[in-house]
Amino acid sequence: MPTYRLLKRSAIPFFYRLPYSPIAIVLQNKPAVVSFCSLQSSPILSQFQSLVNRTFDFYIFLVLIGSDLIVRRLSRTMGSSGANAFKLADHPKLPKGKTIALIVLDGWGEANPDPYNCIHTAETPTMDSFKKTAPEKWRLIKAHGTAVGLPSEDDMGNSEVGHNALGAGRIYAQGAKLVDLALESGKIYDGEGFKYIKQSFDKGTLHLIGLLSDGGVHSRLDQVQLLLKGAAERGAKRIRLHILTDGRDVIDGTSVGFVETIENDLAKLREKGVDAKIASGGGRMYVTMDRYENDWSVVKRGWDAQVLGEAPHKFKSAVEAVKKLRETPKANDQYLPPFVIVDDSGKAVGPIVDGDAVVTVNFRADRMTMLAKALEYEDFDKFDRVRVPKINYAGMLQYDGELKLPSHYLVSPPEIERTSGEYLVHNGVKTFACSETVKFGHVTFFWNGNRSGYFNPEMEEYIEIPSDVGITFNVQPKMKALEIAEKARDAILSGKFHQVRVNLPNGDMVGHTGDVEATVVSCKAADEAVKIMIDAIAQVGGIFVVTADHGNAEDMVKRDKSGKPMLDKNGNVQILTSHTLQPVPIAIGGPGLAPGVRFRSDVPTGGLANVAATVINLHGFEAPSDYETTLIEVVDK
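These numbers were taken from a predicted model, which means no experiment stands behind them.

As a further point, take the sheet that holds strand 19 (residues 584-589). Overall, mixed pairing links the seven strands, which are arranged 6-19-18-5-17-15-16 in an open sheet. This sheet does not close on itself; its edge strands, each paired only once, are strand 6 (138-141) and strand 16 (460-465). For this sheet the average axis-to-axis angle between neighbouring strands, irrespective of direction, equals 15 degrees. As paired strands, strand 6 and strand 19 are joined by four bridges and run antiparallel to one another. Within strand 19, the position partnered with Leu-140 by the bridge is Pro-585.

See the structure below:
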């Protein structure tokens with residue numbers, strides 16, 4: 001007979017603590033297979049019904065079979081409705097009904113004053129005023145590393161994990177960390193995704209498409225190396241890589257070294273009898289890695305090279321290709337044109353054809369989703385694909401949980417439930433969210449736990465402002481900051497919404513171009529946009545919360561260990577186009593902020609995940625007990 005134990009939440013190892021309830025039942029030993037229905041009807045439920053009924057929103061059943069722990073969510077507590085499951089308690093001191101402007105400045109970190117600190121150089125009187133006039137309502141929070149679910153403190157944050165943390169209120173293993181765990185344990189090879197692509201190993205080619213970089217934002221070189229090795233050991237006889245050069249999350253020019261490294265690995269595989277080669281390539285911002293359907297021609301250039309084997313440049317080796325293309329005036333890794341590798345007869349060595357398997361190796365979703373649609377959708381009209389091979393395609397992760405895209409994937413994404421947005425909708429908080437195309441998904445999809453669409457269309461309104469197309473962002477560094485601010489202002493003044501949430505992309509998107517002067521302009525534009533929204537909040541007696549998702553514009557130079565700017569061989573400063581490890585600010589205020597509200601001093605390591613509970617409090621509710629703690633306190637005066 002199986003034995004049962006009732007465990008407190010604190011007794012469950014950290015990586016098995018799921019955010020459903022304070023208790024869990026552990027079934028030890030047998031049965032080895034338990035269906036969802038049999039769990040629901042299990043007699044043990046009646047044994048602890050009195051403990052959970054009317055007390056907890058959810059319970060989980062943990063099935064312990066040998067060393068494997070299978071986690072199954074059963075149902076909401078017996079007798080409670082869906083709405084009651086999300087019911088939040090009233091905050092004892094903070095009122096409901098205030099309009100809150102929740103403003104995320106993308107790529108806006110805090111660093112020492114410096115000529116390469118574009119935020120410091122720019123005129124930003126609104127942002128400056130928060131720190132100077134109300135220091136007890138301004139502080140720094142962590143936006144990188146373990147604070148956002150990444151493996152180490154050396155891992156830069158990014159907009160996706162940042163907005164996940166901001167919206168979820170809890171820290172989930174993310175991106176690189178998920179893939180690391182799957183590769184280290186070998187579970188990546190046991191999953192349905194790998195089994196699906198393995199069907200093509202016998203007669204077809206395995207194609208790996210993705211960013212070749214150690215930046216850790218979209219992909220990591222060492223993961224690609226491990227996947228190559230693991231696939232070859234498990235029967236892949238013919239492998240082709242379609243590489244995308246970086247220069248954005250890492251220093252421009254490092255592409256040559258990355259290509260040489262992977263070529264060395266491929267040579268070792270060939271020595272073992274595996275036909276392994278690089279087949280095509282191009283710069284990430286010009287080939288394949290567009291996002292939010294901003295410019296489909298970027299994806300088409302990749303498709304032509306990867307699938308059709310056609311590109312304006314042909315080379316015998318990838319090292320030769322990257323070196324030669326970088327000789328072009330003003331060339332950089334981000335914008336290298338597409339190329340294909342050909343054999344002695346001039347024939348492409350690795351176009352994707354019927355019967356092949358394809359894996360997109362990026363773990364970050366935003367810049368793989370468009371290619372995933374082109375590879376997977378039969379009904380596709382964004383560009384003429386010319387030829388649509390019948391392939392077995394899987395992503396490194398599933399890039400869109402709502403769209404189930406792709407339908408096969410190697411590593412399961414974090415299951416983010418009960419986000420702050422979902423809680424607030426269930427508690428009568430009407431929400432407005434807005435950004436321009438390049439960051440629209442961040443204040444909606446990523447904020448809502450990798451979920452597309454509305455929780456309740458009657459309670460929410462999302463507005464997307466089209467981003468500029470066909471130019472780099474430093475050409476128009478103000479981007480759509482003014483338009484976003486005006487939409488938010490109108491939403492605030494309309495009186496229809498309790499939360500108005502926006503993302504201002506300027507500091508990040510312009511910062512990525514490496515154009516320091518343009519980034520200064522972009523920061524000023526973002527500050528002016530904040531002022532428009534803050535003024536609207538003042539008119540309605542509301543509250544503002546201003547923060548950021550990660551650093552970028554505050555430090556745009558590569559530095560040596562002493563902190564001094566690094567120079568290249570020609571004596572020029574090496575510009576940094578990537579995100580940073582800097583903390584980000586958070587400021588609260590407005591006429592609707594209750595007297596005595598200030599930031600707590602006992603949460604020194606607070607991060608982005610703490611913002612959700614903070615905002616829920618400002619809406620007049622207590623946050624869920626398993627959320628990261630609030631950053632604020634109310635001091636009686």
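Okay, helix 11 (residues 296-306) next. It helps to recall that an α-helix has 3.6 residues per turn; residues three or four apart then point in one direction. With eight of its eleven residues buried, helix 11 lies for the most part within the structure. Trp-296, Val-298, Val-299, Gly-302, Trp-303, Asp-304, Ala-305 and Gln-306 are the residues of helix 11 that are buried. For helix 11, the secondary structure elements touched by its buried residues are strand 7 (206-211), strand 8 (238-245), strand 9 (275-283), strand 11 (339-341) and helix 13 (369-376).

Let us now look at the packing of aromatic side chains. Aromatic ring pairs are reported here in terms of the distance separating the ring centres and the angle at which the planes meet. Using the criterion set out here, one finds 13 aromatic pairs in the structure. Each ring, one from Trp-303 and one from Phe-383, has its centre 6.2 Å from the other, and the planes form 65 degrees; the classification is edge-to-face. Of this pair, Trp-303 sits in helix 11 while Phe-383 is found in the loop between helix 13 and strand 13 (392-397), placing the two residues 80 residues apart along the sequence. On the basis of relative accessibility, which here comes to 10%, the residue Phe-383 falls in the buried class. An angle of 80 degrees between the planes, with centres 6.0 Å apart, marks the rings of Tyr-423 and Tyr-627 as edge-to-face. A residue pair is termed long-range when its members are at least 10 positions apart, and Tyr-423 in helix 14 (residues 420-426) and Tyr-627 in the loop between helix 19 (610-618) and strand 21 (632-634) qualify at 204 residues. You'll find Tyr-423 and Tyr-627 in the same group, each marked buried. Three or more aromatic residues joined by ring pairs make a cluster, and in this case those are Trp-296, Trp-303, Phe-380 and Phe-383. In this arrangement the basic side chain of Arg-234 is found over the ring face of Tyr-189, its NZ or CZ atom lying 3.7 Å from the centre.

On to the pattern of salt bridges. In this structure the tally under the stated criterion is 36 salt bridges. Among the salt bridges present, the one from Lys-439 reaches Asp-106, with a minimum N-O distance of 3.3 Å. Of this pair, Lys-439 sits in helix 15 (residues 437-446) while Asp-106 sits in the loop between strand 5 (100-105) and helix 4 (118-121), and the two are 333 residues apart along the sequence. There is no split in this pair, since Lys-439 and Asp-106 are both buried. With a closest N to O distance of 3.7 Å, Glu-233 and Arg-234 form a salt bridge. The structure contains a network of salt bridges with shared partners spanning Glu-160, Arg-291, Arg-364 and Asp-366.

What counts and how
- Residues numbered from 1 in each chain as written.
- Predicted model: local features only at pLDDT ≥ 70, side-chain atom pairs only at ≥ 80, totals over all residues.
- Heavy atoms only, no water.
- Pairing = 2+ DSSP bridges.
- Helix = DSSP H or I, 4+ residues; strand = E, 2+ residues; numbered from the N terminus.
- Axes fitted to C-alpha atoms, helices over the stretch in contact; angles between N-to-C directions.
- Buried < 20%, exposed > 50% of the residue type's maximum accessible area, 1.4 Å probe, protein only.
- Contact = heavy atoms within 4.5 Å.
- Phe/Tyr/Trp six-rings, centres within 6.5 Å; stacked < 30°, edge-to-face > 60°.
- Lys NZ or Arg CZ within 6 Å of the ring centre and 35° of its normal.
- Salt bridge = Lys/Arg side-chain N within 4 Å of Asp/Glu carboxyl O.

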